[in-house]
Amino acid sequence: MFFQFLDILGTIAFAISGVLVALEKRMDPFGVLIIAFVTAAGGGTLRDVLIGQTPVTWMTNMTYVYVIIGSTVSAILLRRHINYLRTSLFLFDTIGIGLYTVVGVEKGLSVGLHPIICVALGTMTACFGGVTRDILSNEIPVIFRKEIYATACIIGGATYFMLHYFPIKENVIFVISGAVVIAIRLLAVKFKISLPSIYRD
Amino acid sequence: MFFQFLDILGTIAFAISGVLVALEKRMDPFGVLIIAFVTAAGGGTLRDVLIGQTPVTWMTNMTYVYVIIGSTVSAILLRRHINYLRTSLFLFDTIGIGLYTVVGVEKGLSVGLHPIICVALGTMTACFGGVTRDILSNEIPVIFRKEIYATACIIGGATYFMLHYFPIKENVIFVISGAVVIAIRLLAVKFKISLPSIYRD
Amino acid sequence: MFFQFLDILGTIAFAISGVLVALEKRMDPFGVLIIAFVTAAGGGTLRDVLIGQTPVTWMTNMTYVYVIIGSTVSAILLRRHINYLRTSLFLFDTIGIGLYTVVGVEKGLSVGLHPIICVALGTMTACFGGVTRDILSNEIPVIFRKEIYATACIIGGATYFMLHYFPIKENVIFVISGAVVIAIRLLAVKFKISLPSIYRD
């Protein structure tokens, strides 16, 4: 229940982030819908295909389709009220990766995968939609910009497993892990923190 | 039967469109074959993977492989007789999306998916091969040019479901829906019709 | 046994090739790890998804994950001693495609696919990781440069099947076929051999 609630929230956040990118590119309505769809459903689709849960989730559960269409139409109608496009995009994308990381980790656990694989799965679920959105919109993919992005997901996913050593309720662990991803990315961008690159000489 | 006939026709059309793009890039024979293969088999491969029909169709039914190799060799040999390269490419690509849209919708229905999902599946089947062909050949993907493309597939897929409310034979519904996709794209390009983009202010 | 040994060797070679590309792009440690992972695991992941062996191999067999992490850390630590970056990259990538071609062909046979499909599967297993590595690192994909690459894999895969007409032990066939791929690519690059492109007029 709570798990699906987080998944839907992440779907809304990513769909809106897709609409914002597509609007900036002045796409036509179908183009905007396709970008919103790919952004919101891309990560989960990759995850489901890799673990063999097919037909993929959004094909068998119409909720996702309706949520994505609804979010897209709402975001288009309210587009004049979503101020500061870049900031909104950053916020919705960050909420999206926070929620999807936890959703992906959980999905991996549910099919009995190793914790390291679950963290990788969470990171892919979180990052793949945004990367595809950016490639399709001809932007530099968010994951390759000089920012902490996948790293925040990896740390959030690791947090999820570490919290299980403490007597904390499952739902609280969900929320904390997702919040860790969001907080790390917000702080990293605010204070311009990035990992040092490895030089060769 | 009729269904597989359409699928083979679409395969031929897309393989030829792949050869035409590859020839323009002056690729070597293996390069041409790989582009032809990806264009013709890409959409169906994505569709099969997403619905979990694996090994994917072209791996278990050698007909597709032989048809693609045959079309490629024929198109290479007859290349001097395929006049007006751009026009030929446009025509073969358009026939391809028309046929593949219907094939994809049908495949979705055969595994019991919701009509909206079937239309999405038909659109993906139709568009993914051409998009991959263009990315691999370093062209702007056809779907992102200022033309009606995915939109034609979506309308054609919707037509397929609407026609089922009328007393029309299945095979006729196939042909009409595919023709709708082809007609919409032909007319849209001929009369330079495109959907208006959504401006933000 | 021997089969998995080749697979691990290929994984090491591709992981190092990924590290070398990522180092040249001055990525941060997580970026280097992600590129190494995609390069080493990408081809096998595509193969497993297409034939329906899910969850994909690296998710269920932790050996691959540990080998990739170990290779990455070692290559980073020893980076000052891997001289002539371009040459090293070329060598590790070539060893990688040689080994992965045979691994991919074998995997195809193990699920009963047609020899032609097995060769295609071996070629995809060998080439997909390197192509993704190059796309993610913003390099021209190795497969599209004017060099023999996929062609070497196709010939090596065909060799594998032809050798079965002779009384040669299975493990020896593995080694010869992989060596054919490596030799063809080495010789082609050394003597600047490439297939002629097909002109249109």
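Residues numbered from 1 in each chain as written. Chains lettered and ligands numbered in written order. Predicted model: local features only at pLDDT ≥ 70, side-chain atom pairs only at ≥ 80, totals over all residues. Heavy atoms only, no water.

Under an unreviewed UniProt entry, chain A has the name Glycine transporter domain-containing protein and belongs to Mangrovimonas yunxiaonensis. Reading the Subcellular location (unreviewed entry) entry of the UniProt record for chain A gives the comment "Cell membrane". For the record of chain A, the UniProt heading Sequence similarities (unreviewed entry) holds the text "Belongs to the UPF0126 family." (UniProt positions renumbered as here; feature names shortened; annotations may be inferred.)

A. Representation of the interface of chain A and chain C. With 23 residues of chain A at the interface, the matching set in chain C holds 26 residues. Interface area, chain A with chain C, both sides summed: about 2300 Å², of which 72% is carbon and sulfur. The interface formed by chain A and chain C holds zero salt bridges in total. Counting the contacts that link chain A with chain C gives one residue pair in polar contact (both at pLDDT 80 or more). Ranked by residues supplied to the side of chain A that touches chain C, first place goes to helix H6 (residues 115-136) of chain A with five residues. In the side of chain A that touches chain C, the residues fall into 16 nonpolar, four polar and three charged. (Contact = heavy atoms within 4.5 Å. Buried area = accessible area lost by both parts, 1.4 Å probe. Salt bridge = Lys/Arg side-chain N within 4 Å of Asp/Glu carboxyl O. Polar contact = N/O pair within 3.5 Å; in protein donor to acceptor, adjacent residues only side chain to side chain. Helix = DSSP H or I, 4+ residues; strand = E, 2+ residues; numbered from the N terminus. Nonpolar A, V, L, I, M, F, W, Y, C, P; charged D, E, K, R; others polar.)

B. Fine view of the relation of the copies chain A and chain C. By a simple turn and slide, chain A fits onto chain C: the slide is 0.0 Å along the axis, the RMSD is 0.0 Å, and the turn is 120°. Expressed as a symmetry operation, the mapping of one chain copy onto the other fits a three-fold axis. In this assembly, only 4% of the residues forming the interface of chain A have copies in chain C that are likewise at the interface, indicating a heterologous arrangement. (Least-squares fit on C-alpha atoms with pLDDT ≥ 70 in both.)

C. View of the nonpolar core. Counting 179 residues, the largest nonpolar core has Trp58(A), Met59(A), Trp58(B), Met59(B), Trp58(C) and Met59(C) as its most contacted members. Discounting residues that sit within four places of it in the chain, Met59(C) has contacts with Leu50(A), Ile51(A), Leu113(A), Ile117(A), Leu121(A) and Met124(A). (Core = buried A, V, L, I, M, F, W, Y, C linked by side-chain atoms within 4.5 Å. Buried < 20%, exposed > 50% of the residue type's maximum accessible area, 1.4 Å probe, protein only.)

D. Inspection of the pattern of salt bridges at higher detail. Residues and elements named next belong to chain C. Counted under the stated rule, the structure contains 15 salt bridges over all chains. The salt bridge involving Arg133 is made with Asp93; its shortest N-O contact spans 2.8 Å. With Arg133 in helix H6 (residues 115-136) and Asp93 in helix H5 (residues 85-110), this residue pair connects regions lying 40 residues apart in the sequence. Exposure class is identical for Arg133 and Asp93. Each is buried.

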